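# Reading the structure
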Amino acid sequence: MSKRKITVISIVVAVVLAIAIACTAYCISTKQTPIEAVKTAFTSSDSQIIGKWESEKGQGISALVFYEDGTYDSYILTVNFSGEYTIKGNKLTLKNPKTNKEIVYKFSVNEKSLSLEVVEEDGKEPEQKDVSKYNRVDELHQKTFNDLIGDLAGDKNALNSNND
């Protein structure tokens, strides 16, 4: 083999090795698998997350709305919390400027579902890493506390009538 071919092969191997090392360092620093890193590199989660999301656990209990301007609204029943969000790789950071609270999620999103896993709260790793799942909706159906009590009373009455 000629000296020139050996030089070209050496350069190609060095470039491939440098890319592999850089990718490994990126995956370690963002705590992503290589598949997650490639997926986030080629899809924009920023635009995918924009919209209305309602908790899978129960319609009207919990919801999130993400806006194009980097702000969000979070609902628990009809109580609303607002703030700003940022996305870096597969990490979603929600900041509430009124309370100075910050929560970081590992997230995945597709057309119809959003999965959030808490990885950091106010700079600390949580004791329990909860995963919340949300469905994309066109309209929120937030319930009041009275609605929930009515639902529970209705469920209790339905159970009683089934037992008769």
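Here goes a summary of the coordinates provided. (Residues numbered from 1 in each chain as written. Predicted model: local features only at pLDDT ≥ 70, side-chain atom pairs only at ≥ 80, totals over all residues. Heavy atoms only, no water.)

This paragraph deals with the sheet that holds strand 1 (residues 51-55). With antiparallel pairing, the 8 strands of this closed barrel are ordered in space as 1-2-3-4-5-6-7-8. Adjacent strand axes in the sheet meet at a mean angle of 35° when their direction is disregarded. By the bridge criterion, 6 bridges tie strand 3 (residues 71-76) to strand 4 (residues 79-88) in an arrangement that is antiparallel. Its bridge partner lying in strand 4, I76 is registered against V79. (Pairing = 2+ DSSP bridges. Helix = DSSP H or I, 4+ residues; strand = E, 2+ residues; numbered from the N terminus. Axes fitted to C-alpha atoms, helices over the stretch in contact; angles between N-to-C directions.)

Our focus in this paragraph is the side chain of S74. Note that S74 resides in strand 3. Under the relative-accessibility criterion, S74 is labelled buried at 17%. (Buried < 20%, exposed > 50% of the residue type's maximum accessible area, 1.4 Å probe, protein only.)

Another aspect to go through is the side chain of S115. On the secondary structure map, S115 appears in strand 7 (residues 113-121). In this view, S115 contacts K106, F107, S108, V131, S132 and K133; residues no more than four positions away in its chain are not counted. (Contact = heavy atoms within 4.5 Å.)

Taken together, the side chains of M1, I6, I9 and V13 define a hydrophobic patch exposed on the protein surface, amounting to about 420 Å² of accessible area. Take I6: it is sitting in helix 1 (residues 3-30). (Patch = residues over 30% accessible without salt bridge, like charges linked within 9 Å, V, L, I, M, F, W, Y side chains within 5 Å. Areas by Shrake-Rupley, 256 points an atom, 1.4 Å probe, with all protein chains shown as cover. Salt bridge = Lys/Arg side-chain N within 4 Å of Asp/Glu carboxyl O.)

A word on the pattern of salt bridges. If you walk through the whole model with that rule in mind, you get 2 salt bridges. The shortest N-O distance in the salt bridge between K95 and E102 comes to 3.8 Å. On the accessibility criterion, K95 (37% relative accessible area) is partly exposed. Where K101 meets D122, a salt bridge forms, and the shortest distance between an N and an O atom there is 3.4 Å. In this pair, K101 sits in strand 6 (residues 101-109) while D122 sits in the loop between strand 7 and strand 8 (131-137), placing the two residues 21 residues apart along the sequence. A residue is classified by how much of its surface remains accessible, and K101, at 48% relative accessible area, is partly exposed.

So, about the pairing of strand 4. Connecting strand 3 to the next strand, strand 4, in antiparallel fashion are 2 residues, including L77 with a positive phi near 55°. The sheet contact formed by strand 4 and strand 5 (residues 91-96) spans 5 bridges and is antiparallel. In the sheet register, E84 faces strand 5, and the bridge partner there is K95. Connecting the antiparallel pair strand 4 and strand 5 is a turn made up of 2 residues, with G89 showing a positive phi of about 65°.

On to the nonpolar core. With 16 residues, the main nonpolar core has I49, W53, F66, L92, L94, L114 and L116 as its most contacted residues. Of all elements in the fold, only strand 2 (62-66), strand 5, strand 6 and strand 7 reach the threshold of two or more residues within this core. The biggest single contributor to this core is strand 6, with 4 residues. (Core = buried A, V, L, I, M, F, W, Y, C linked by side-chain atoms within 4.5 Å.)

Scope: geometric values only; no functional claims are made or implied.
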